[in-house]
Amino acid sequence: MKKTLFFIPLILIIFSGCDTLSQVARTTANQYSTNPSSLEIGNGLKQALELGTNKSSDQLSTVNGFFSNAAVKILFPPEAQKVERTLRTLGLGKLADNVILSLNRAAEDAAGKAKPIFVNAIKQMTLQDVTNILLGNQDAATQYFKRTTTLQLAASFKPVVQTSLNKVGATKYYSDAAAAYNRVPLVGKVNPDISDYVTQKAIDGLFVEIAQEELNIRQNLSARTTPLLQKVFSFYDKNKR
């Protein structure tokens, strides 16, 4: 009889626990079954974009962020690649290497200035912008940033790039390289000013990284690190099919 009395509360506890677990399971299963509200979509996407742009800016602004990344590494400008070939032929390969390294160092210095520009663009997004980005092409956010931030990025990056080019010696290296090339008889002259080129390449590199981050969060569940991101991009997953 005592055993029976002992098991009755135990059984009740077990079944009560099962009911609780079932409720949790149902809640988890239904958590993302309802569509997110417009406010949730807006906040979730903006959260994702801020995470992605911050990560891209941080990665590229570290030492070797550009130089060691084959996708964004800055080389001689196309019109000046003949300069590089000629310098290496003349035994001035070290000078050419210094030019390339210093161009990338300048871009790395500039990349850290992108964050507030992207944050401002995100804050100004309309509900229509958010919806178009969430349900648009896999690079919809990247294209939005290109349209809305390129001019600001160029204006912000240019003085930083110019200062950095001077600081790391790029201006001198490239001017020396251009001067050495321009002294070669019977060759076309090249412009020794490199700052506009590096500014544009730094911006291009940022958008390459942002596109990768955008694709990552659209495709990989593990990249959706908050409940809001999970809910919003679960809605995206259902609607992209």
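Structure first, text after, so check above.
A brief look at the structure comes next.

How each quantity is defined
- Residues numbered from 1 in each chain as written.
- Predicted model: local features only at pLDDT ≥ 70, side-chain atom pairs only at ≥ 80, totals over all residues.
- Heavy atoms only, no water.
- Helix = DSSP H or I, 4+ residues; strand = E, 2+ residues; numbered from the N terminus.
- Contact = heavy atoms within 4.5 Å.
- Areas by Shrake-Rupley, 256 points an atom, 1.4 Å probe, with all protein chains shown as cover.
- Buried < 20%, exposed > 50% of the residue type's maximum accessible area, 1.4 Å probe, protein only.
- Polar contact = N/O pair within 3.5 Å; in protein donor to acceptor, adjacent residues only side chain to side chain.
- Salt bridge = Lys/Arg side-chain N within 4 Å of Asp/Glu carboxyl O.
- Phe/Tyr/Trp six-rings, centres within 6.5 Å; stacked < 30°, edge-to-face > 60°.
- Axes fitted to C-alpha atoms, helices over the stretch in contact; angles between N-to-C directions.
- Parallel < 35°, antiparallel > 145°, perpendicular 65-115°, else oblique.
- Left-handed = near helix turned anticlockwise from the far one by under 90°.
- Nonpolar A, V, L, I, M, F, W, Y, C, P; charged D, E, K, R; others polar.
- Arc of directions from axis to C-beta.

**Overview of the overall build of the protein**
- What the protein contains, in helices and strands, is 10 helices and zero strands.
- When the helices and strands of the protein are placed in sequence order, the string is α-α-α-α-α-α-α-α-α-α.
- For the protein, the share of sequence-separated contacts (at least 6 apart) that also reach a separation of at least 24 residues comes to 80%.
- Taken as a whole, the protein presents about 13,300 Å² of accessible surface, with 58% of it coming from carbon and sulfur.

**Notes on the side chain of T199**
- Along the chain, the position of T199 falls in helix α9 (residues 195-219).
- With a relative accessible area of 4%, T199 lands in the buried category.
- Looking at T199, its side chain comes within polar contact range of the main-chain oxygen of S195, at 2.8 Å.
- Look past the residues within four positions of T199 in its chain and what remains in contact with it is A154, F157, K158 and V161.

**Some thoughts on the environment of R85**
- With respect to the secondary-structure elements, R85 resides in helix α3 (residues 81-89).
- For R85, a relative accessible area of 52% corresponds to the exposed category.
- Distance in space between the C-alpha atoms of R85 and Y181 is 9.8 Å, their sequence separation being 96 residues.

**A look at the pattern of salt bridges**
- Evaluation of the coordinates by the stated rule reveals 10 salt bridges.
- Residue D237 is joined to R224 by a salt bridge in which the shortest nitrogen-to-oxygen separation is 2.7 Å. Taken together, the positions of D237 in helix α10 (residues 227-240) and R224 in the loop between α9 and α10 put the pair 13 residues apart, joining distant regions of the chain. R224 matches D237 in its accessibility class, with the two residues each being buried.
- Here the residues in one salt-bridge network are E84, R88 and D97, joined through shared partners.

**A short note on unusual backbone geometry**
- Even without glycine at this site, N64 takes up a positive phi of about 75°.
- Tracing the sequence through the fold places N64 in the loop between α2 (38-61) and α3.

**Notes on the packing of aromatic side chains**
- One pass over the full model with this rule turns up four aromatic pairs.
- Both rings, one in F233 and one in Y236, keep their centres 6.0 Å apart while their planes meet at 75°; by these two values the pair is edge-to-face. With F233 and Y236 both in helix α10, this residue pair falls three residues apart, about one helical turn.

**Points about the packing of α2 against α9**
- For the pair α2 and α9, interaxial distance at closest approach is 9 Å and the crossing angle is 135°. Overall, the two elements α2 and α9 adopt an arrangement that is oblique. Between α2 and α9 lies a crossing whose hand is right-handed. Contacts between α2 and α9 involve A48, G52, T53, K55, S56, S57, Q59 and L60 on the former and, on the latter, G205, L206, E209, I210, E213 and I217.
- Looking at the contact of α2 with α9 residue by residue, the classes come out as five nonpolar, six polar and three charged.

**A short note on helix α6 (residues 127-134)**
- Three or more residues of α6 are buried, namely V130, I133 and L134. All buried residues of α6 project into a common sector of 95° when viewed along the axis, lining one side.

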